Amino acid sequence: MKYVLVTGGVVSGLGKGVTASSIGLILKACGLRVTSIKIDPYLNTDAGTMSPFEHGEVFVLDDGGEVDLDLGNYERFLDIKLTRDNNITTGKIYQSVLDKERKGDYLGKTVQVVPHITDAIQEWIERVAVIPVDGEDSPADVCVIELGGTIGDIESMPFIEALGQFSYRVGAGNFCLIHVSLVPVLNVVGEQKTKPTQHSVRGLRSLGLTPNILACRSTMGLHDNVKEKLSRFCHVPVDNIVSLYDASNIWRVPLILRDQKAHEAILKVLDLKGVAREPVFGEWTSRTELCDRLHEPVRVAMVGKYTGLSDSYLSVLKALLHSSVACRRKLFVDWVPASDLEDETAKENPENYRSSWNLLKGADAVLVPGGFGDRGVEGKILAAKYARENRIPFLGICLGMQIAVIEYSRSILGLQNANSTEFDPNTRNPCVIFMPEGSKTHMGGTMRLGSRRTYFQVKDSISAKLYGNRSSVDERHRHRYEVNPDMVQQFEDAGLSFTGKDESGRRMEIVELPNHPYFIGVQFHPEFKSRPGKPSAVFLGLIAAACGQLESLLKKGVAVTHGFSNGTSGDKLHQNGNATNLSNGS
């Protein structure tokens, strides 16, 4: 097994996740099989209890793991399926060591950071790195490890010590360290400044890690004299310094790395030059260029709670982008704070109220994503009502589906006080209820999580056609509440159609409004399995409906997802008789 470690310096938010994903993709384009690990030095066991305001979205894996959003980047770029163990946190490591200590596994020794914590980190990496994530039976060729945070953070010190020991143990030719650092330009001087990177590399070396490659983030490409200066002071060859300058879209990052021969530097360090070949991207390049050429717009109103931080809905945004590119449209997302649509805002801040409603009314489609808490719920209900009454394409995800059901209860069934017990525990018409198996005392890991199967009930429904007229589909879930099964018959008698249910037939998974151009709610999170070459079916349907393409799309019968071709599949590379799909990106 070969290992590539990606670290960051100077400031956070440099794009280490995209860089690590792009490195993985370029190695995959060279014919190698790749897996990924993300190290998050925070004490939380996982990302499940963290606020999107604090840490961006919580990405959900097939096995129910609630993990860092960077694992979503890895899955989208590399078209792989990771496990919860591919996300290492300080909490997980300490918990595993303390569990061993309680069982007496350390035979009375004093348990310390070195060697017990550092050994546990190395053992975890070696164990997870050999787990196949691309559908093959054998381990991958290369494991890309991203260390979260920046060099010098106190909480990452045990991981840096462990990785220093690890690099020594696996030996030269099996370990490549890529350090992502900032090269800022001061407007007053107009000069690319190398000092922050020099200090960052010096700190890294003092901790026992020596970078093989520098990946320098900057607004523009690095000047030759700047590269030479960095080479001299950071002890890195000029050919091993790559410039990660601002790009029109992140699909260009692997191409930027390829153009600077970054793969050659990595392969040389890993002693793989005789094994790998020149990278072949094929459709990745054409899709990247197509994305930049698109000009005909499609506007989607995103009605949510966390609209101030786009990372809160990162996978939703990516799924919309995948679908809009497939429909040959330039995506514009209008962020609509749900609470600004409510009557209370009309009194307190009429300007925000008017502005938000104008955005909603100017959109080609309306999307209500998942979320928790009661803030903005009434605004989301108003958005669903507007889309239903004005025949605007609508997609509700998780809470968004529950919102659509609440709105239908109030407007069509005449149950004015209908609500979810999440927002009104004493409602007389609970159309959304707490799941029987849920926990009301513990938050972490107690929801209905991970991949679950949905069975289609109505073969002639839009959702069934979008999924290729299959009998069932597996999608990822993350919820505590569900549509009240005792009210389903009442809803269906009033014209609402539950076209997808779980294996018991009691849990509602997909709801549609049959006589609407496109009005669909899903209890699952389809955004987590969307890929550029394989857009999520219901997202593709939303964008197609917004562009007037839905009817022709359904007639073609090509809008199939998760391993089925949708007409944009990428190149096939054959290595040792195995086909590797390189078409998919973030």
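How each quantity is defined
Residues numbered from 1 in each chain as written. Predicted model: local features only at pLDDT ≥ 70, side-chain atom pairs only at ≥ 80, totals over all residues. Heavy atoms only, no water. Core = buried A, V, L, I, M, F, W, Y, C linked by side-chain atoms within 4.5 Å. Buried < 20%, exposed > 50% of the residue type's maximum accessible area, 1.4 Å probe, protein only. Helix = DSSP H or I, 4+ residues; strand = E, 2+ residues; numbered from the N terminus. Contact = heavy atoms within 4.5 Å. Patch = residues over 30% accessible without salt bridge, like charges linked within 9 Å, V, L, I, M, F, W, Y side chains within 5 Å. Areas by Shrake-Rupley, 256 points an atom, 1.4 Å probe, with all protein chains shown as cover. Salt bridge = Lys/Arg side-chain N within 4 Å of Asp/Glu carboxyl O. pLDDT = per-residue confidence, 0-100. Disulfide = S-S within 2.5 Å. Pairing = 2+ DSSP bridges. Axes fitted to C-alpha atoms, helices over the stretch in contact; angles between N-to-C directions.

### Brief notes about the nonpolar core
The nonpolar side chains of a soluble globular protein tend to be buried, and buried together. One finds Val4, Leu27, Ile266, Leu320, Leu367, Tyr518 and Phe539 to be the most contacted residues of the largest nonpolar core, which totals 92 residues. Tallying contributions element by element places helix H19 (residues 537-546) first for this core, with nine residues. Not counting the four nearest positions on each side in its chain, Val4 is found in contact with Ile23, Leu27, Val142, Cys143, Val144, Ile145, Cys176, Ile178, Ile266 and Leu270. Within the second largest apolar cluster, 42 residues are counted, among which are Phe394, Phe423, Val432 and Met508.

### Here's the deal with helix H11 (residues 283-293)
The complete set of buried residues in H11 reads Trp284, Thr285, Arg287, Thr288, Leu290 and Cys291. Looking at the buried positions of H11, the neighbouring elements they touch are helix H1 (16-29), helix H3 (70-78), helix H9 (253-259) and helix H12 (314-326).

### Quick notes on a nonpolar patch on the surface
There is a patch of nonpolar side chains on the surface, built from Leu186, Val188 and Val189 and spanning about 320 Å² of accessible area. As for its position among the elements, Leu186 is in the loop between strand S7 (175-182) and helix H7 (195-206). Exposure remark for Leu186: the relative accessible area of 44% places this residue in the partly exposed category.

### So, the confidence of the model for the chain
Averaged over all residues, the pLDDT of the chain is 90; the fraction at 70 or higher stands at 93%. Within the model, pLDDT remains below 50 along residues 559-586, and this stretch shows 99 contacts once partners closer than five positions in the same chain are excluded.

### Description of the state of the cysteines
Applying the stated criterion to the full structure yields zero disulfides. We note that Cys234 lacks a disulfide partner, and the nearest cysteine sulfur, in Cys216, lies 7.7 Å from it. Looking at Cys291, it has no disulfide partner, and the nearest cysteine sulfur is the one in Cys327, 13 Å off. Accessibility expressed as a relative area gives 12% for Cys291, which makes it buried.

### Let's talk about the sheet that holds strand S18 (residues 481-483)
Across the sheet, which stays open at both edges, the three strands sit in the order S14-S15-S18 with mixed pairing between neighbours. Looking at strand neighbours, the two that pair on one side only are strand S14 (419-420) and S18, the edges of this open sheet. In terms of strand pairing, strand S15 (residues 430-434) meets S18 through three bridges, oriented antiparallel. Directly across from Ile433, in S18, lies its bridge partner Glu482. Here helix H16 (residues 399-411) sits on the sheet and contacts S14, S15 and S18; the angle it forms with S15, its principal contact strand, is near 150°.

### Quick notes on the pairing of S7
The buried fraction of S7 is high, at seven of eight residues. Relative to S7, strand S1 (residues 2-8) is paired through six bridges, and the arrangement is parallel. Among the inter-strand pairings, Val6 is bridged to a residue of S7, identified as Ile178.

### Notes on unusual backbone geometry
Cis geometry marks the peptide bond from Val114 to Pro115, where omega comes out at 15°. Following the sequence through the fold, Pro115 ends up in helix H5 (residues 113-129). For Lys261, which is not glycine, the phi torsion reads 60° and is therefore positive. Owing to a relative accessible area of 41%, Lys261 belongs among the partly exposed residues under this scheme. With a phi angle near 55°, Cys398 is a residue other than glycine that sits in the positive phi range. In this structure, Cys398 sits in the loop between strand S13 (394-397) and H16. For Cys398, a relative accessible area of 6% corresponds to the buried category.

### What about the sheet that holds strand S2 (residues 34-40)?
Strand order in the open sheet made by the seven strands is S5-S2-S6-S1-S7-S8-S9, with parallel pairing throughout. Every other strand in the sheet has two partners, leaving strand S5 (87-89) and strand S9 (241-245) as the edge strands with one partner each. Going from strand to strand, the sheet's axes swing by 20° on average, the running direction of each strand aside. Of the strand pairs in this sheet, S2 and strand S6 (residues 142-147) are connected by six bridges, and their pairing is parallel. In the strand pairing of S6, Ile39 is matched with Leu147. Contacting S2, S5 and S6, H3 runs over the sheet at an angle of about 170° to S2.

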